[in-house]
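# Survey of secondary and tertiary structure
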Amino acid sequence: MNIVLCNCPQEKADSIAKELVEKKVAACVNVIPQVKSFYHWQGELCCDNEATLIIKIRANDFERLQKEILQIHPYDVPEMVELSVSNVNEEYLKWLYANTGDHNV
Amino acid sequence: MNIVLCNCPQEKADSIAKELVEKKVAACVNVIPQVKSFYHWQGELCCDNEATLIIKIRANDFERLQKEILQIHPYDVPEMVELSVSNVNEEYLKWLYANTGDHNV
Amino acid sequence: MNIVLCNCPQEKADSIAKELVEKKVAACVNVIPQVKSFYHWQGELCCDNEATLIIKIRANDFERLQKEILQIHPYDVPEMVELSVSNVNEEYLKWLYANTGDHNV
């Protein structure tokens, strides 16, 4: 499995999280609220209120996740950063694979 | 060292964090509050209020952490996901090793 | 690119985040508020209110980030833990490199 970090406007977080789980792209999405993001945009220093999504997916599903997020995320260039997982408890991994995969199964 | 992510009910977070540090399994545990978790459980889409624990452990202590968490965590299948660390400042690493290890030392 | 986690006192978080982005050490810094940290310090179990910074940097900029943080962070031994990134969407990566690098460019 892998973990992907993605930030989005606070008001969009729940709907993005729900859709990823409903479509079985992610087994679980945690929404961290009230995150302040500092960044440059077109030369200006910006500070936005966002939510950080911690998305749990199958190891080889990054492309699939990317496609789904690009369809439902309001930004032109959303952040999707996959972190390598070195260890996970087996029962959780089984649960993750049982709750991801083909949407219609 | 490594970092392990674990989610738990908000009301259990502090006691789990404290116990892991007291037993020197973790050098530090950060508790992120008010996290909303979306996931499937037995075919139902669920949304719970949780806390996310960011647990800092020695590189080879995942099994030990797993044993401790399974004893004190209320879920049958808690999430324990270890992320690979590619770099850390040396002074912090020294501090981490000085504050983990045998509980009775 | 890589992601670095760093904790700091809540009241210092915004200024540290802003400075790292202004100096183009980081393309983006997310500040997670109201984090409770449990840890040992000189044998005592402590619990502090902190913020967790999620810092997005170029893959080889950990040393540079470390130098900057050590100048502006109030702790003697701040935590700077770099997580390995296994995947990132290309457009975001391009944006990250366009917004980091030499401060005066």
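Up top is the structure.
Presented here is a report on the structure given in the accompanying data block. Since this is a predicted model, take the numbers as computed values, not measurements.

Bringing the interface of chain A and chain B into the picture now. In this complex, chain A contributes 30 residues to the contact, which on the side of chain B involves 25 residues. At the boundary of chain A with chain B, total buried surface from both sides reaches about 2300 Å², with 60% on carbon and sulfur atoms. Among the residues of chain A in contact with chain B, A:N87, A:N89 and A:W95 are the three that bury the most area, contributing 22% of the side total. Remark: the boundary between chain A and chain B carries two salt bridges. We note a salt bridge from B:K36 to A:D14, for which the minimum N-O separation is 2.3 Å. The tally of links from chain A across to chain B stands at 12 residue pairs in polar contact (both at pLDDT 80 or more).

Let us now look at the relation of the copies chain C and chain B. Overlaying chain C with chain B gives an RMSD of 0.0 Å, the required rotation being 120 degrees about an axis along which the chain moves by 0.0 Å. Considering both components of the superposition, the chain copies are consistent with a three-fold axis. Minimal C-alpha distance to the rotation axis in chain C is attained by C:S84, lying at 3.5 Å. A low fraction, 20%, of the interface residues of chain C reappear at the interface in chain B, so the copies pair through non-equivalent surfaces.

Between chain C and chain B, the contact holds 25 residues from the first and 30 residues from the second. Here chain C and chain B share two salt bridges between them. Among the salt bridges present, the one from C:E79 reaches B:K56, with a minimum N-O distance of 2.6 Å. Summed over the shared surface of chain C and chain B, the number is 11 residue pairs in polar contact (both at pLDDT 80 or more). Mapped onto the side of chain C that touches chain B, the elements with two or more residues apiece are β1 (2-9), β2 (28-41), β3 (44-57), α2 (62-72) and β4 (81-83) of chain C. Residue contributions to the side of chain C that touches chain B peak at 10 residues, all from β2(C). Looking at the side of chain C that touches chain B residue by residue, the classes come out as 14 nonpolar, seven polar and four charged.

With that settled, consider the relation of the copies chain A and chain B. For the pair chain A and chain B, the superposition axis carries a translation of 0.0 Å, the fit reaches an RMSD of 0.0 Å, and the rotation angle comes to 120 degrees. The overlap is low: 17% of the interface residues of chain A also sit at the interface in chain B, so different surfaces are used on the two sides.

This part covers the nonpolar core. In terms of nonpolar packing, the biggest core is built from 49 residues, with A:I3, B:I3, C:I3 and C:L83 touching the most fellow members. Once residues within four sequence positions are removed from consideration, A:I3 is found in contact with A:I54, A:I55, A:K56, A:V81, A:E82, A:L83, A:V85, B:L5, B:V81 and B:L83.

Below, the discussion takes up unusual backbone geometry. If you check the backbone angles, A:Q34 has positive phi at about 55 degrees while not being a glycine. Of note, A:Q34 is situated in strand β2 (residues 28-41). Even without a glycine there, the phi angle at B:Q42 is positive, about 50 degrees. In this structure, B:Q42 sits in the loop between β2 (28-41) and β3 (44-57). Owing to a relative accessible area of 71%, B:Q42 belongs among the exposed residues under this scheme.

In total, this model carries four aromatic pairs over all chains according to the counting rule given. Centre to centre, the rings of B:Y92 and B:W95 are 5.3 Å apart; their planes meet at 40 degrees, and the pair counts as tilted. In this pair, B:Y92 and B:W95 both sit in helix α3 (residues 90-98), three residues apart, roughly one turn of the helix. We note that B:Y92, like B:W95, is buried. Three or more aromatic residues joined by ring pairs make a cluster, and in this case those are A:Y39, C:Y92 and C:W95.

Bringing the side chain of C:S37 into the picture now. By secondary structure assignment, the location of C:S37 is in strand β2. In this structure the side chain of C:S37 is engaged in a polar contact, spanning 2.5 Å, whose partner is the side chain of C:E50. If we ignore the near neighbours within four places in the chain, the residues touching C:S37 are B:V29, B:N30, C:C46, C:C47, C:D48 and C:E50.

Rules used in this analysis
- Residues numbered from 1 in each chain as written.
- Chains lettered and ligands numbered in written order.
- Predicted model: local features only at pLDDT ≥ 70, side-chain atom pairs only at ≥ 80, totals over all residues.
- Heavy atoms only, no water.
- Contact = heavy atoms within 4.5 Å.
- Buried area = accessible area lost by both parts, 1.4 Å probe.
- Salt bridge = Lys/Arg side-chain N within 4 Å of Asp/Glu carboxyl O.
- Polar contact = N/O pair within 3.5 Å; in protein donor to acceptor, adjacent residues only side chain to side chain.
- Least-squares fit on C-alpha atoms with pLDDT ≥ 70 in both.
- Helix = DSSP H or I, 4+ residues; strand = E, 2+ residues; numbered from the N terminus.
- Nonpolar A, V, L, I, M, F, W, Y, C, P; charged D, E, K, R; others polar.
- Core = buried A, V, L, I, M, F, W, Y, C linked by side-chain atoms within 4.5 Å.
- Buried < 20%, exposed > 50% of the residue type's maximum accessible area, 1.4 Å probe, protein only.
- Phe/Tyr/Trp six-rings, centres within 6.5 Å; stacked < 30°, edge-to-face > 60°.

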